[in-house]
2 protein chains.
Amino acid sequence: MVAVICDVTSMKKGEDFSEWYNEIVELAGLTDKRYPVKGMNVWTPYGWRIMRLIDGYIRENLDSTGHQEVCFPLLIPESEFSKEKDHIKGFDSEVFWVTHAGLNPLDVRLLLRPTSETAMYPMFSVWVRSHADLPLKLYQIVNVFRYETKMTRAFIRVREIHFFESHTCHADEAGAEEQIRENLEILERFSRHLCLPYLLLKRTDWDKFPGAHYTIGIDILLPSGRSLQIGSIHQYLENFSRPYDIRYEDEKGDHKYVHQTTFGMSERLVGSIIAVHGDDKGIILPPDIAPYQAVIVPIPAKGSLEVVNRESEALMEELTRAGIRAHIDSSDLRPGNKFYYWELRGVPLRLELGPRDIEKGVVTAARRDTSERVQIPRDKVAEEIPSILDKISEQMFQRAEQELGKNIVEVGSLNDLPDKMVRLGWCGSEECGREIETATDRNILGTSIEEKDTIHGKKCVVCGKEPASMIYIAKQL
Amino acid sequence: MVAVICDVTSMKKGEDFSEWYNEIVELAGLTDKRYPVKGMNVWTPYGWRIMRLIDGYIRENLDSTGHQEVCFPLLIPESEFSKEKDHIKGFDSEVFWVTHAGLNPLDVRLLLRPTSETAMYPMFSVWVRSHADLPLKLYQIVNVFRYETKMTRAFIRVREIHFFESHTCHADEAGAEEQIRENLEILERFSRHLCLPYLLLKRTDWDKFPGAHYTIGIDILLPSGRSLQIGSIHQYLENFSRPYDIRYEDEKGDHKYVHQTTFGMSERLVGSIIAVHGDDKGIILPPDIAPYQAVIVPIPAKGSLEVVNRESEALMEELTRAGIRAHIDSSDLRPGNKFYYWELRGVPLRLELGPRDIEKGVVTAARRDTSERVQIPRDKVAEEIPSILDKISEQMFQRAEQELGKNIVEVGSLNDLPDKMVRLGWCGSEECGREIETATDRNILGTSIEEKDTIHGKKCVVCGKEPASMIYIAKQL
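Conventions used here
Residues numbered from 1 in each chain as written. Chains lettered and ligands numbered in written order. Predicted model: local features only at pLDDT ≥ 70, side-chain atom pairs only at ≥ 80, totals over all residues. Heavy atoms only, no water. Helix = DSSP H or I, 4+ residues; strand = E, 2+ residues; numbered from the N terminus. Rg over C-alpha atoms; globule rule 2.2 N^0.38 Å. Buried < 20%, exposed > 50% of the residue type's maximum accessible area, 1.4 Å probe, protein only. Contact = heavy atoms within 4.5 Å. Salt bridge = Lys/Arg side-chain N within 4 Å of Asp/Glu carboxyl O. Least-squares fit on C-alpha atoms with pLDDT ≥ 70 in both. Pairing = 2+ DSSP bridges. Phe/Tyr/Trp six-rings, centres within 6.5 Å; stacked < 30°, edge-to-face > 60°. Lys NZ or Arg CZ within 6 Å of the ring centre and 35° of its normal. Axes fitted to C-alpha atoms, helices over the stretch in contact; angles between N-to-C directions. Buried area = accessible area lost by both parts, 1.4 Å probe. Expected span 1.5 Å × (residues − 1). Parallel < 35°, antiparallel > 145°, perpendicular 65-115°, else oblique. Left-handed = near helix turned anticlockwise from the far one by under 90°. Polar contact = N/O pair within 3.5 Å; in protein donor to acceptor, adjacent residues only side chain to side chain. Domains from an automatic or database assignment.

Looking at the overall build of chain A
So, step 1. When you go through chain A residue by residue, the secondary structure sums to 12 helices and 23 strands.
So, step 2. Since a compact globule built from 477 residues should have a radius of gyration of about 23 Å, the 25 Å found for chain A is in line with a globular shape.
So, step 3. For chain A, buried positions account for 58% of its 477 residues.
So, step 4. Restricting the contact set of chain A to residue pairs at least 6 apart, pairs at least 24 apart contribute 68%.

Encoded structure:
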């Protein structure tokens, strides 16, 4: 709303990541934390536009794989919620309860969905009748509510959370496993748009989702060395279909319970992009989710105002025709201040246009991610800018991937752990696992789902048994 | 989910509109009312797709007029909610209260937004500083919650309501009035996509929105003769900016309260389209909001299965390239059953393709709205179908407009009112207004905002005073 021009270098990302993050999300105009309920923030136009672009890629990927979008009610009756025992136990300390409507108490208390298993599955029970109804693949993009008691943080730990959740039903375990593979493919394609590499770690039994048979956590690594879970994929087997009675008749006329999976990611994606890519000048947005992919800054000199403005408009039109989300900054600020403003807000490409550029028939382009400046022939703009944006996207992903790789180290004992994510051997017993967590004051994130074949020959760092699995541990944010 | 093939003629729209409506919304697969909280229904894939297409036109129209999309928290603290006295009085019997989080009671009760004035305006108070921040034009597309005590009805009277709300701040009343004119233009463009003519009626003082200076109701007329409010536009003047302290500094350095307006419409739009356009065979969707604008029904004869399928696929591809949302029904049903199925679901155009059509180089197209069948040369499909869809859209609007006109009659007394919407003279006093409502058992909807110049020379039907305003009365659904 109000242009923020200030000293954005007051906080250094490398010195105090946490303070830097808190400051940058507000300076960049992504959210407003002054709403009078703790942990419930306002999505400002700029932040919401980013989230909606991310949602667009979710829709594209889920629609093209045969998922259908639905929208279920927010409120869940207590009676439905408590049907799956582990699930209610996992959530009952963190749900919001609606107890009154108008001036009267409700007969049955209603809770705000913390996730929608217990809203959807009573309906699945009615919808699924025969094998011809399977697989059932649905998703919704909604807000969920969790009463976080830890310190809240924009996008990362909030009490109203924007997210998507896909819910599927299959004839058997093989069908559900096939779905999980499809989810992993979707995730891989999707993460490229966000320039966000991640780890897929199968959680321990004591850390899996309440009600799940197993949980794959989708984790990223923050500059502070802490890990952040940005989403998850769950295999439920029949754990929900039995209490919710979701059965189908197979080809032989037998009635069987469906096997279920879920897949979800939240607005933590926005927080992750800020954390992974931002620098001391502000945020850096991946081109695919940037509200503006290029900002045109007219640089008029004496007597050239009219021609510079006219040429800027023409450039804007041409970019728009080429499918680029562009914006002219025609405010009263001086060009230098405009540079700071759009760097803070992470626009991938700044296009400067002054009388000398016009004379030479070029546009000067400055990349936000590398600060590199190049001159583009004016008549090649519509071809070259999309390919520069593609290159930015590719390189942002690569740099983040290298950074992630550098910050995971393998160790053979629990002594003197570096301030990074650590891989080490674990026999698989809960006892040794708990010992690892206590001794290191870190969490076991789980075993990599991609490393199944490479775990042999390692010893458990606690009991020394071999072969051991390779697990990842980190302080979780 | 499950193909519904059944006798859809069990209910006649003309005989019992209400029963017909309740049956058709479920048979057509738009919603599922079996969710275990009364008045909170599930948006099924087909219904949600329609709603999302409608939302798309809202976004297009609001974005192109300089509005910005935001997303505010759902929960509003009781303390903020009660700042505007009329507003809280208008809503306190119909809000849902969150009183507990986890296992503990909350210090301050939170309510689920019934509308977002009281969520947004504390933030507007922080955001608006100077005249340069005005006009502030924001909107959001969210669900709101109202504890309806009357009988619920899908899309029309529900307790979780999908809607959009735009909120604007202006320097003065003239700016706010200008905004209201812009809203009316937006509404006019928007309604064409939905083929939905409407009336703009300025509500009486005792029926305006709680906190508003005046309210323009956006009403349609149902086949039952009842009116249905599908949205509203409100002029607030300073009624909210004073209690919420939303002030700006003008050019002279004086601090002034902003003038505010709101504009909103709900999922009742979906209900209205069903009600206005549907027939005994099912719903009829306007082409612009139909999930499928054309459905291809292959009609294979003996030995022609392969060629018919191949040609159907080719047709599908060509339609998709031409920007038409098309679908091939390749299910096992017989063609006649496919016809019923897609008629029930309101697809505007059915394209039949059999061996004779292929031989003759044509496609047989059947219009859902008129049942008219025409043959289109196969090589003209990509040009002709878009123009047929446009014609359907135009004619659907015209027919609905004629129907609306026919069902509004002017009367000079309160005796023997026809079962239609009625216009009559009213002096403007609350006493006579209340008398009209009591004597007719109908509601005064208000004065037409377009008829300001034509009201003279009428007498009040109660006291006989002239000149009187022309008001509209109807039973409201």
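Side note on the pattern of salt bridges
So, step 1. On inspection of all chains with the given rule, the structure shows 62 salt bridges over all chains.
So, step 2. A salt bridge links Arg350(B) to Glu352(B); the nearest nitrogen and oxygen atoms lie 2.9 Å apart.
So, step 3. For Arg350(B), a relative accessible area of 10% puts it in the buried group.
So, step 4. Residues participating in the shared-partner salt-bridge network are Lys281(A), Glu343(A), Arg350(A), Glu352(A) and Arg373(A).

Quick notes on the relation of the copies chain A and chain B
So, step 1. Rotating chain A by 180° and moving it 0.0 Å along the rotation axis overlays it on chain B with an RMSD of 0.0 Å. Classification of the inter-copy transformation places it as that of a two-fold axis. For chain A, the residue whose C-alpha comes nearest the rotation axis is Val98(A), separated from it by 2.1 Å.
So, step 2. Same-surface contact between copies: 100% of interface residues of chain A are shared with the interface of chain B.

Observations regarding the pairing of strand β17 (residues 349–353) of chain A
Residues and elements named next belong to chain A.
So, step 1. By the criterion of burial, β17 is predominantly enclosed, with five of the five residues buried.
So, step 2. Residues Leu349, Leu351 and Leu353 of β17 are buried on one face, and the alternating residues Arg350 and Glu352, pointing to the opposite face, are buried as well.
So, step 3. Pairing of strand β15 (residues 294–298) with β17, which is carried by five bridges, proceeds in the parallel orientation. In the sheet register, Ala294 faces β17, and the bridge partner there is Leu349.
So, step 4. Taken together, the four bridges between β17 and strand β18 (residues 362–367) define a ladder with antiparallel strand orientation. Across the sheet, residue Leu349 finds its bridge partner in β18, namely Arg367.

A look at the packing of aromatic side chains
Residue and element names in this part refer to chain A.
So, step 1. Tallied over the full model, the rule gives 36 aromatic pairs over all chains.
So, step 2. Judged by centre distance (4.6 Å) and plane angle (50°), the rings of Tyr236 and Phe240 are tilted. A single burial state applies to Tyr236 and to Phe240, both of which are buried.
So, step 3. Here the aromatic residues Phe72, Phe91, Tyr121, Phe124, Trp127, Phe209, Tyr236, Phe240 and Tyr244 are joined through ring pairs into a cluster of three or more.
So, step 4. Against the face of Phe397 rests Arg192, its NZ or CZ located 3.8 Å from the ring centre.
So, step 5. Geometry around Tyr214 places Lys202 over its ring, the cationic atom sitting 4.3 Å from the centre.

Some points on the sheet that holds strand β16 (residues 326–328) of chain B
Residue and element names in this part refer to chain B.
So, step 1. Read from one edge of the open sheet, five strands run β16-β15-β17-β18-β19, paired in mixed fashion. Unpaired on one side and paired on the other, β16 and β19 (373–377) mark the two borders of the sheet. Averaged over all pairs of adjacent strands, the angle between strand axes in this sheet comes to 25°, irrespective of strand direction.
So, step 2. As defined by bridge partners, strand β18 (residues 362–367) adjoins β19 across five bridges and the pair is classed as antiparallel. Along β19, the bridge assignment pairs Ala365 with Val374.
So, step 3. Running over the sheet, helix α8 (residues 305–321) touches β15 (294–298), β16, β17 (349–353) and β18 and is turned about 170° from β15.

Examining unusual backbone geometry
So, step 1. In this structure, the amide linkage connecting Leu134(A) to the following residue, Pro135(A), adopts the cis form with an omega of -10°.
So, step 2. Along the chain, Pro135(A) falls in the loop between α5 (117–127) and β7 (136–145).
So, step 3. Cis geometry is adopted by the peptide bond preceding Pro467(B), which originates at Glu466(B) and carries an omega value of -5°.
So, step 4. The topology assignment puts Pro467(B) in the loop between β22 (443–448) and β23 (469–474).
So, step 5. A positive phi is found at Asp416(A), a non-glycine position, where the angle reads about 50°.
So, step 6. Tracing the sequence through the fold places Asp416(A) in the loop between β20 (408–410) and β21 (421–426).
So, step 7. On the accessibility criterion, Asp416(A) (77% relative accessible area) is exposed.

Things to note about the interface of chain A and chain B
So, step 1. Tallying the contact residues gives 53 residues for chain A and 53 residues for chain B.
So, step 2. For the pair chain A and chain B, the two sides together bury roughly 4700 Å², of which 68% comes from carbon and sulfur.
So, step 3. Across the contact surface, chain A and chain B share two salt bridges.
So, step 4. The partner of Glu69(B) in a salt bridge is Arg52(A), with the nearest N and O atoms 3.5 Å apart.

Some remarks on helix α11 (residues 381–406) of chain B
So, step 1. If you check α11(B), its first and last C-alpha atoms are 37 Å apart, about what 26 residues at 1.5 Å a residue would give, namely 38 Å.
So, step 2. Every buried residue of α11(B) is listed here: Val381(B), Ile385(B), Ile388(B), Leu389(B), Ile392(B), Ser393(B), Met396(B), Phe397(B), Ala400(B) and Leu404(B).

What about the environment of Val144(B)?
Residue and element names in this part refer to chain B.
So, step 1. Secondary-structure assignment places Val144 in strand β7 (residues 136–145).
So, step 2. The class of Val144 is buried, set by a relative accessible area of 1%.
So, step 3. Put simply, Val144 and Thr215 are 71 residues apart on the chain and 19 Å apart in space, counted from C-alpha to C-alpha.
So, step 4. Apart from residues lying up to four places away in sequence, Val144 is in contact with Arg113, Pro114, Thr115, Arg159, Glu160, Ile161 and Phe163.

Some details on the packing of helix α2 (residues 45–63) of chain B against helix α6 (residues 173–194) of chain B
For any two helices packed against each other, one specifies the inter-axial angle together with the distance between the axes.
All names here are of chain B.
So, step 1. Where α2 meets α6, the axes come as close as 10 Å, and the angle between the chain directions of the two elements is 155°. It follows from the interaxial angle that α2 and α6 lie roughly antiparallel. Relative to α6, α2 is oriented so that their crossing is right-handed. In contact with Ile54, Tyr57, Ile58, Asn61 and Leu62 of α2, α6 contributes Ile186, Arg189, Phe190, His193 and Leu194.

Concerning the side chain of His234(A)
Residues and elements named next belong to chain A.
So, step 1. Take His234: it is sitting in strand β11 (residues 227–237).
So, step 2. Here Ser232 takes part through its side chain, which lies 3.1 Å from a polar atom of the side chain of His234.
So, step 3. If we skip the residues at most four places from it in the chain, His234 touches Ile180, Phe209, Ala212, Tyr214, Thr215, Gln260, Thr261 and Thr262.

Here's the deal with the domain arrangement of chain A
So, step 1. Domain boundaries in chain A define domain 1 (8–277), domain 2 (292–392) and domain 3 (408–474).
So, step 2. Between the C-alpha centres of domain 2 of chain A and domain 3 of chain A the distance comes to 50 Å.

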